[in-house]
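Each chain is listed here by its residues.
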Amino acid sequence: MQWQIRIAAGEHLDLPEPIEPRGWSIECRITSEDPAHGFLPSTGRISFVHVPAGPGVRWDGGIEPGSSIGLHYDSLLGKLIVWAGTRDAAIERMRRALHELRVVGVETSREFHLRVMEHDDYRRGDVSIQWLEQHLPELTNAPVPWGETRLAAVAAALLADRDRGVSVPSHESRVTSHDGESRITNHEHDRWRDAARRDALR
């Protein structure tokens, strides 16, 4: 931290020898989102977490069993990071780490990242800035178009914030599960999607 401030102030970092790039690193952001439904937010209480370990594997996260995941904060649960000497080795290491990662209680982006690591194009390095959008249906197994679901996700967060504290009939939009967590039903998802469509047409 001290050197960050000093370098920002214009000082030079004196090192005994030059720093040369070495190896490959990959980071996957594990979020509480449901890729199969357009990355809509997933809420609930974490009941189990298993974090991968081993050489070249790092987990930067702040969740544990009992953590409550809501709509009103960043969806990031943790960052899974690997390093290896070659790109192929880094991809294989990330693939193994994703297989070992377990988060129970909410939907996560783990399977999405795993599909990316296993995709032939990605493994060959044959990707562009449009690649993700072009391959999103097969990476997420989601039938709903990406643009529409992003709008629905934004509308979901905005409507949930607006309706916070407002009582709604449980048979119409919300139900309470056995663990006391509020669950969003299909009726409310439809209402959010309709609102997003209306906003997009304005």
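Structure shown above.
Keep in mind that what you see is a predicted model, and the values were worked out from it rather than measured.

K.L.:
Would you mind showing me how to read the packing of aromatic side chains here?
P.N.:
The description of an aromatic ring pair uses the distance of the two centres, along with the angle that the planes make with each other. Counted according to the given criterion, the structure contains one aromatic pair. Between Phe-39 and Phe-112, the ring centres sit 5.3 Å apart and the planes meet at 85 degrees, which makes this aromatic pair edge-to-face. Here Phe-39, found in the loop between strand 2 (33-34) and strand 3 (40-41), pairs with Phe-112, found in helix 3 (residues 110-118); they are 73 residues apart in sequence, far enough to count as distant. Looking at Phe-112, the relative accessible area reads 10%, which means it is buried. The ring of Trp-3 has Arg-6 sitting right over it, with the charged end atom 4.1 Å from the ring centre. The side chain of Arg-87 reaches across the aromatic face of Tyr-122, ending 5.0 Å from its centre.

K.L.:
Sorry, what's going on with the pattern of salt bridges here?
P.N.:
If the charged atoms of two oppositely charged side chains come close together, the side chains can form a pair. Counted according to the given criterion, the structure contains nine salt bridges. Across the pair Asp-60 and Arg-58 runs a salt bridge whose closest N-O atoms are separated by 3.0 Å. Between Glu-118 and Arg-95 there is a salt bridge whose closest N-O contact spans 3.1 Å. Separated by 23 residues along the polypeptide, Glu-118 in helix 3 and Arg-95 in helix 2 (residues 87-100) bring together distant segments of the chain. Each of Glu-92, Arg-95, Glu-118 and Arg-123 takes part in salt bridges that share partners, so that together they form one network.

Rules used throughout
Residues numbered from 1 in each chain as written. Predicted model: local features only at pLDDT ≥ 70, side-chain atom pairs only at ≥ 80, totals over all residues. Heavy atoms only, no water. Phe/Tyr/Trp six-rings, centres within 6.5 Å; stacked < 30°, edge-to-face > 60°. Helix = DSSP H or I, 4+ residues; strand = E, 2+ residues; numbered from the N terminus. Buried < 20%, exposed > 50% of the residue type's maximum accessible area, 1.4 Å probe, protein only. Lys NZ or Arg CZ within 6 Å of the ring centre and 35° of its normal. Salt bridge = Lys/Arg side-chain N within 4 Å of Asp/Glu carboxyl O.

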